[in-house]
Amino acid sequence: MKLGIVGLPNVGKSTLFNAITNAGAECANYPFCTIEPNVGTVAVPDSRLNWLSDLYHPKKTTPAVIEFVDIAGLVKGASRGEGLGNKFLANIRGTEAIVHVVRCFDDENVIHVEGSTDPIRDIGIIDLELIMADLEMVERRIDKAKKAAKGDKKFLREAEVFEGLRDWLNDGNSVRSYQCDKDEAELIATSDLLSLKPIIYAANLDEDTFSGGNYKENAYYQQVKELAAKEGAQVIPVCASLEEELSQMDSGEQSVFMEELGIAESGLDRLIKASYTLLGLISFLTSGEDECRAWTITKGTKAPQAAGKIHSDFERGFIRAEVIAYDDMVACGSEKAAREKGLMRSEGKEYVVQDGDIILFRFNV
């Protein structure tokens with residue numbers, strides 16, 4: 001899974017990126033500090049995997065991972081190549097979802113490219129640039145479909161669908177908010193449209209506002225929360241500078257510091273949970289003396305396709321899946337005890353894998 005971290009210049013993108021990846025991206029108080037995208041890979045925290053690792057003491061423990069991409073700050077006119085617009089837009093295309101960092105604090109010492117703090121305006125600037133870039137792609141898709149329709153009339157329907165979408169975009173609306181039927185949605189999804197990507201808003205607050213949950217009364221945060229609710233998007237409050245401090249501590253220091261500030265979870269943990277929810281993802285587990293591993297799949301995936309995440313041969317030669325629910329495994333204390341109590345199930349090709357399933361796949365090729 002790859003998430004693109006975006007936002008206007010100087011809203012805290014690179015600070016947040018540094019905090020969650022410890023990748024050491026350059027961070028400075030001037031626009032376009034980030035030019036080439038910084039990329040960092042983060043292990044997904046999973047206490048279930050830790051428990052299995054403690055049980056089996058495997059040679060290797062492999063968590064699921066998320067890749068974060070810190071993309072250059074955007075300015076008005078990016079869709080026309082202003083600032084680093086073309087680079088910015090190209091880098092977003094390679095991500096599954098967007099983490100949009102929005103500044104929700106006032107600080108005269110940190111330059112705001114628009115001159116003042118206004119999260120709704122800032123979100124609108126980026127949304128409009130994505131929409132303008134999508135309009136260009138949709139126009140090309142319409143032209144291509146109309147040319148193809150001269151030889152095959154079925155392409156007339158494709159042109160019609162994208163013409164409806166073009167009118168929607170022309171009114172300043174995102175592809176995400178376009179109402180259409182399932183067939184039309186599937187057709188639209190074949191175009192790599194930027195404003196179709198799901199979004200998590202990271203409302204970046206100062207330390208005083210964030211600590212102890214004071215952000216709930218913050219007017220800027222409330223504005224972002226209300227906008228996210230209308231869009232069906234996720235929103236998480238963060239303090240990028242605080243997260244950066246936490247990232248430089250060991251786990252013991254982190255726990256004490258977070259307790260003092262009244263923080264239950266790090267921004268990274270909350271961001272990962274929001275990402276999984278937004279994209280409809282879950283994890284299943286495999287275990288043994290060689291390796292304990294977490295695998296990320298889409299909710300609703302059936303057993304053979306989940307097996308294919310491990311190796312294509314597992315899916316091609318799938319026989320059955322031997323499944324123990326994680327909670328049952330913990331209650332029994334071992335795989336052997338779970339088997340003896342009849343809590344290991346034999347599931348076939350139609351079984352839908354559940355979050356936290358511990359699975360042994362049987363296959364033959």
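Keep in mind that what you see is a predicted model, and the values were worked out from it rather than measured.

Visitor: I'm lost on the overall build of the chain in this one. Help?
Guide: The number of helices and strands found in the chain is 15 helices and 12 strands. Residues classed as buried in the chain amount to 48% of the 365 residues present. The long-range share in the chain, meaning contacts at least 24 apart out of those at least 6 apart in sequence, stands at 69%.

Visitor: Sorry if this is basic, but what is going on with the pairing of strand β10 (residues 318-325) here?
Guide: When a strand is regular, its side chains alternate between the sheet's two faces. As paired strands, β10 and strand β12 (residues 357-363) are joined by 7 bridges and run antiparallel to one another. For Phe318, the partnering residue across the bridge sits in β12 and is Phe363. Relative to strand β11 (residues 345-347), β10 runs antiparallel, the two sharing 3 bridges. For Val323, the partnering residue across the bridge sits in β11 and is Arg345.

Visitor: Explain the environment of Ala338 to me, please; I cannot follow it from the model alone.
Guide: As for its placement among the helices and strands, Ala338 is situated in helix α15 (residues 335-340). Judged by relative accessible area, Ala338 falls into the buried class, the value being 0%. Between the alpha carbons of Ala338 and Asp328 there is a distance of 7.0 Å; along the sequence they are 10 residues apart. Beyond its immediate sequence surroundings of up to four residues, Ala338 is in contact with Ile324, Cys332, Leu343 and Met344.

Visitor: I would appreciate a short explanation of helix α2 (residues 47-56) in the present structure.
Guide: Note on helix geometry: an α-helix contains 3.6 residues per turn, so any two residues three or four positions apart are oriented the same way. For α2, the complete set of buried residues consists of Arg48, Leu49, Leu52, Ser53 and Tyr56. One side of α2 carries all its buried residues, which in axial view fall inside an arc of 135 degrees. α2 presents Ser47 and Asp54 as exposed residues on the side facing more than 90 degrees away from its buried surface. At the N-terminal end of α2, a side-chain oxygen is found 3.0 Å from the backbone nitrogen of Arg48, two or three residues along, and the residue is Asp46. Immediately downstream of α2, the backbone of His57 shows phi near 45 degrees, a positive value.

Visitor: So what exactly am I meant to see when it comes to the packing of helix α9 (residues 240-247) against helix α10 (residues 251-261) here?
Guide: When two helices pack together, their arrangement is given by the angle between the helix axes and the distance between those axes. The N-to-C vectors of α9 and α10 enclose an angle of 150 degrees; their axes lie 10 Å apart at closest approach. Judged by the angle between their axes, α9 and α10 are roughly antiparallel. Remark: the crossing between α9 and α10 carries right-handed chirality. For the pair formed by α9 and α10, the contact residues are Leu242, Glu245, Leu246 and Ser247 on the first element and Gln254, Phe257, Met258 and Leu261 on the second. A per-class count over the contact of α9 with α10 returns 5 nonpolar, 2 polar and 1 charged.

Visitor: Explain the packing of aromatic side chains here, please?
Guide: Working definition: an aromatic ring pair is given by the centre-to-centre distance plus the angle between the planes. For the structure shown, the criterion picks out 8 aromatic pairs. Geometrically, the ring pair formed by Trp51 and Tyr326 is edge-to-face, given 5.9 Å between the ring centres and 85 degrees between the ring planes. Here Trp51, found in helix α2, pairs with Tyr326, found in helix α14 (residues 326-332); they are 275 residues apart in sequence, far enough to count as distant. Summarising the aromatic geometry, the rings of Phe314 and Phe363 are spaced 4.2 Å apart at their centres and angled 25 degrees between planes, so their arrangement reads as stacked. Within this pair, whereas Phe314 is found in helix α13 (residues 312-316), its partner Phe363 is found in strand β12, the two being separated by 49 residues in sequence.

Visitor: Looking at this model, I keep getting lost on the pattern of salt bridges. Mind explaining?
Guide: Side chains that carry opposite charge are capable of pairing whenever their charged atoms lie near each other. In the structure shown here, the tally under the stated rule is 24 salt bridges. One salt bridge connects Arg293 with Glu291, and the closest N-O pair in it is separated by 3.8 Å. Among the ionic pairs, Glu322 bridges to Arg339, the shortest N-O distance being 3.5 Å. Note that Glu322 is positioned in strand β10 and Arg339 in helix α15, a separation of 17 residues in sequence. You can call Glu322 buried: its relative accessible area is 8%. In this structure Arg339 comes out as partly exposed when scored by relative accessible area, which is 38%. A single network of salt bridges, built from pairs that share partners, joins Arg320, Glu322, Glu335, Arg339 and Arg362.

Visitor: I tried to follow the packing of helix α4 (residues 119-149) against helix α8 (residues 219-231) on my own but got confused; where do I start?
Guide: For the pair α4 and α8, interaxial distance at closest approach is 9 Å and the crossing angle is 45 degrees. Comparing their axes, α8 and α4 come out oblique. Contacts between α4 and α8 involve Pro119, Ile120, Ile123 and Asp127 from the first element and Tyr220, Gln223, Val224, Leu227 and Glu231 from the second. For the contact of α4 with α8, the per-class residue count stands at 6 nonpolar, 1 polar and 2 charged.

Calculation criteria
Residue positions are counted from 1 within each chain, in the order its sequence is given. Whole-chain, interface and lining totals are the exception, using all residues; otherwise, since this is a predicted model, local features are given only for residues with pLDDT of at least 70 and side-chain atom pairs are given and counted only at 80 or more. For side-chain calculations, the full set of non-hydrogen atoms in the structure is used, while hydrogens and water are omitted. Strands here mean DSSP runs of E at least two residues long; helices mean DSSP runs of H or I at least four residues long; both are numbered from the N terminus. With a 1.4 Å probe rolled over the protein chains alone, any residue whose accessible area is under 20% of its type maximum counts as buried; one over 50% counts as exposed, and the rest are partly exposed. Only heavy atoms enter the contact rule, under which two residues are in contact if any of them lie within 4.5 Å. A pair of strands is treated as paired once DSSP finds two or more bridges between them. The arc refers to the directions leading from the helix axis to the C-beta atoms. Throughout this description, a polar contact denotes any pair of N or O atoms lying within 3.5 Å of each other; where both atoms belong to protein, one of them has to be capable of donating a hydrogen while the other can accept it, and for residues adjacent in sequence the pair is counted only when both atoms sit in side chains. Throughout, an axis means a line fitted to C-alpha atoms (over the contacting stretch in the case of helices), and angles, computed between N-to-C directions, take values from 0 to 180 degrees. Orientation is classified from the angle alone, with under 35 degrees giving roughly parallel, over 145 giving roughly antiparallel, 65 to 115 giving roughly perpendicular, and any other angle giving oblique. Left-handed is the label given to a crossing in which the near helix is rotated counterclockwise from the far helix by less than a right angle, and right-handed is the label when the rotation is clockwise. For this scheme, ten residues count as nonpolar: Ala, Val, Leu, Ile, Met, Phe, Trp, Tyr, Cys and Pro. Four count as charged, namely Asp, Glu, Lys and Arg, and the remainder, Gly too, count as polar. Here is the rule: rings of Phe, Tyr and Trp (six-membered ring for Trp) pair when centre to centre is within 6.5 Å. Planes less than 30 degrees apart are stacked, more than 60 are edge-to-face, and the remainder are tilted. For this analysis, a salt bridge means a side-chain nitrogen from Lys or Arg found within 4 Å of a carboxyl oxygen belonging to Asp or Glu.

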